[in-house]
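# Observations on the model geometry
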Amino acid sequence: MATITALRADKSKRDRVNVFLDGDRAFSLASTLAAGLGVGQPLDEAAIARLQQEDDVLRAIDKAARFLGYRPRSMVEVRRNLRGKGFTDAAIAAALERMTQQGWLDDFAFARFWVEDRLRFRPMGRRALSYELRQKGVATEIIERALVDVDSLDAARRAARKSLRRRRGETPEKLRRKLWDSLQRRGFEADLCREVVEELVTEAREDEEAFPASRQEDYPTWNT
């Protein structure tokens, strides 16, 4: 059994308190934990272990909150991050459970954020979106729910139009191939690629700025 002989703020670390037992510094705790202690209070080994375990959980939550401050994350991303910082599996599990209960971690909300962000700034198909979310550790059933309202045709059109703006003046045949390749890389289904490419190349063919009349006879058709 040891006795708390002093509780002193850690000047080098914010919101940390050094705990002295029998005259010697023994360990530090989060200030919220140290607030429940007092000088003269006895602590046995089990009590010390509980305090340190709880402190580990609070530190893990703090690190995870900082990690989430940059952008929403999946639960797997947070777990990987905490493991990389040396936290034990027990501390990580407890931290994730509390953060989930508080609504700080929600894989469905994360998946919806990821899909909406991609569709807004870098439109891609369901296949590519699904792949990225799986890489983030999101479960298949959650991915399927997050993709329910995705308008793949609209996304493919916007993606193709962005690519089209960079390819003004190319022959229709070359343009078709480049647009097709671009949409395929973004995970759009073949039938959808065909439909959108045909639509945009037809529009471009009618645009004299993009295709001078002297080159319109090069306009190809799909080989089916």
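Residues numbered from 1 in each chain as written. Predicted model: local features only at pLDDT ≥ 70, side-chain atom pairs only at ≥ 80, totals over all residues. Heavy atoms only, no water.

Further remarks concern the overall build of the protein. When helices and strands are tallied, the protein shows 10 helices and four strands. Split into buried and exposed, the 224 residues of the protein put 41% on the buried side. Of all intrachain contacts in the protein linking residues separated by at least 6 positions in sequence, the fraction that spans at least 24 positions is 57%. Just so you have it, the protein exposes about 13,100 Å², and 47% of that area is on carbon and sulfur atoms. (Helix = DSSP H or I, 4+ residues; strand = E, 2+ residues; numbered from the N terminus. Buried < 20%, exposed > 50% of the residue type's maximum accessible area, 1.4 Å probe, protein only. Contact = heavy atoms within 4.5 Å. Areas by Shrake-Rupley, 256 points an atom, 1.4 Å probe, with all protein chains shown as cover.)

One can describe the packing of helix α8 (residues 152-165) onto helix α9 (residues 172-185) by two numbers: an axis separation of 10 Å at closest approach and a directional angle of 130°. Put simply, α8 runs oblique to α9. Relative to α9, α8 is oriented so that their crossing is right-handed. Counted together, Ala156, Ala159, Ala160, Ser163 and Leu164 of α8 and Leu175, Leu179, Ser182 and Leu183 of α9 form the full contact between these two elements. Among the residues making up the contact of α8 with α9, the classes are represented as seven nonpolar, two polar and no charged. (Axes fitted to C-alpha atoms, helices over the stretch in contact; angles between N-to-C directions. Parallel < 35°, antiparallel > 145°, perpendicular 65-115°, else oblique. Left-handed = near helix turned anticlockwise from the far one by under 90°. Nonpolar A, V, L, I, M, F, W, Y, C, P; charged D, E, K, R; others polar.)

The pairing of strand β2 (residues 16-21) with strand β3 (residues 24-30) spans six bridges and is antiparallel. Within β3, the position partnered with Asn18 by the bridge is Ser28. Between β2 and β3, which pair antiparallel in sequence order, lie two residues; one of them, Asp22, sits at a positive phi of approximately 50°. (Pairing = 2+ DSSP bridges.)

Moving on, we come to the sheet that holds β2. One open sheet holds the four strands; their spatial order is β3-β2-β1-β4, and the pairing between them is antiparallel. Only two strands of the sheet have a single partner each, and these edge strands are β3 and β4 (42-43). The sheet contacts of helix α2 (residues 45-68) involve β2, β3 and β4, and relative to β3 the element is tilted by about 40°.

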